Amino acid sequence: MMLWGYVRRGWAERAWKSWYGWAIRSRLKPIKRVARLIKYYWEGVLNAATRDVTNARSEGMNSKIQRIKRRACGYRNRERFHNAICFHLGGLDLYPDAFRPTHTKA
């Protein structure tokens with residue numbers, strides 16, 4: 001049974017309810033525990049099954065911040081850490097227009 005990637009919420013809800021019914025009737029306690037957990041977070045599970053939204057972008061940003069932190073071997077205070085994050089990830093344009101390197105074809 002496919003449980004992810006539904007376009008319509010109604011289809012996803014039917015599939016998950018079918019799976020939930022099977023899981024609760026099963027004799028496996030870990031499966032029942034997962035089924036109850038899914039029921040507790042029901043709306044979030046349906047949203048995840050029908051929408052193509054992930055937290056990949058925020059995880060990527062967190063990875064970059066952790067790399068900055070590792071390279072510095074710690075910071076003396078939060079302000080310096082904040083400044084380093086803004087400097088490396090802020091998308092600053094470090095070249096003024098007058099000094100911007102130009103690439104000319106030879």
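As the structure is a prediction and not an experimental result, all values here were calculated from the model.

### Notes on the environment of arginine 25
Link 1 in the chain: When you line up the elements, arginine 25 lands in helix H1 (residues 9–25).
Link 2 in the chain: Accessibility expressed as a relative area gives 65% for arginine 25, which makes it exposed.
Link 3 in the chain: Within the structure, the side chain of arginine 25 is placed 3.1 Å from the backbone oxygen of glycine 21, a separation counted as a polar contact.

### Focus: helix H4 (residues 56–72)
One full turn of an α-helix is made of 3.6 residues, so residues set three or four places apart face in the same direction.
Link 1 in the chain: With 17 residues, H4 should cover 24 Å at 1.5 Å per step; its first-to-last C-alpha distance of 25 Å lies within 8% of that length.
Link 2 in the chain: Positive phi shows up at cysteine 73, right after H4, with a value of about 55 degrees.

### Quick word on the packing of H4 against helix H5 (residues 78–89)
Packed helices, taken two at a time, are described by the angle their axes make and the gap between the axes.
Link 1 in the chain: For the pair H4 and H5, interaxial distance at closest approach is 10 Å and the crossing angle is 120 degrees. Considering the angle they form, H4 stands oblique to H5. With respect to the hand of their crossing, H4 and H5 are arranged in right-handed fashion. Across the interface between the two elements, Met61, Lys64, Ile65, Ile68 and Lys69 of H4 pack against Phe81, Ala84, Ile85, His88 and Leu89 of H5.
Link 2 in the chain: Residues that form the contact of H4 with H5 fall into these classes: 7 nonpolar, 1 polar and 2 charged.

### With respect to the pattern of salt bridges
Link 1 in the chain: Going through the model one piece at a time under the given rule, you end up with 2 salt bridges.
Link 2 in the chain: A salt bridge links glutamate 43 to arginine 9; the nearest nitrogen and oxygen atoms lie 2.5 Å apart. Placement of the pair is glutamate 43 in helix H3 (residues 42–50) and arginine 9 in helix H1, with a sequence separation of 34 residues.
Link 3 in the chain: Owing to a relative accessible area of 29%, arginine 9 belongs among the partly exposed residues under this scheme.

### Some thoughts on the packing of aromatic side chains
Link 1 in the chain: Here the structure, examined in full by the defined rule, presents 3 aromatic pairs.
Link 2 in the chain: Centroid distance tryptophan 16 to tryptophan 19: 5.9 Å. Interplanar angle 75 degrees. Geometry classified as edge-to-face. Taken together, the positions of tryptophan 16 and tryptophan 19, both in helix H1 and 3 residues apart, correspond to about one turn of that helix. Taken as a pair, tryptophan 16 and tryptophan 19 share a single burial class, namely buried.
Link 3 in the chain: Taking the centre distance of 4.8 Å and the plane angle of 90 degrees together, the rings of tyrosine 40 and tyrosine 41 count as edge-to-face.
Link 4 in the chain: An aromatic cluster of at least three residues, connected via ring pairs, comprises Trp16, Trp19 and Trp22.

Procedures and definitions
Residues numbered from 1 in each chain as written. Predicted model: local features only at pLDDT ≥ 70, side-chain atom pairs only at ≥ 80, totals over all residues. Heavy atoms only, no water. Helix = DSSP H or I, 4+ residues; strand = E, 2+ residues; numbered from the N terminus. Buried < 20%, exposed > 50% of the residue type's maximum accessible area, 1.4 Å probe, protein only. Polar contact = N/O pair within 3.5 Å; in protein donor to acceptor, adjacent residues only side chain to side chain. Expected span 1.5 Å × (residues − 1). Axes fitted to C-alpha atoms, helices over the stretch in contact; angles between N-to-C directions. Parallel < 35°, antiparallel > 145°, perpendicular 65-115°, else oblique. Left-handed = near helix turned anticlockwise from the far one by under 90°. Contact = heavy atoms within 4.5 Å. Nonpolar A, V, L, I, M, F, W, Y, C, P; charged D, E, K, R; others polar. Salt bridge = Lys/Arg side-chain N within 4 Å of Asp/Glu carboxyl O. Phe/Tyr/Trp six-rings, centres within 6.5 Å; stacked < 30°, edge-to-face > 60°.

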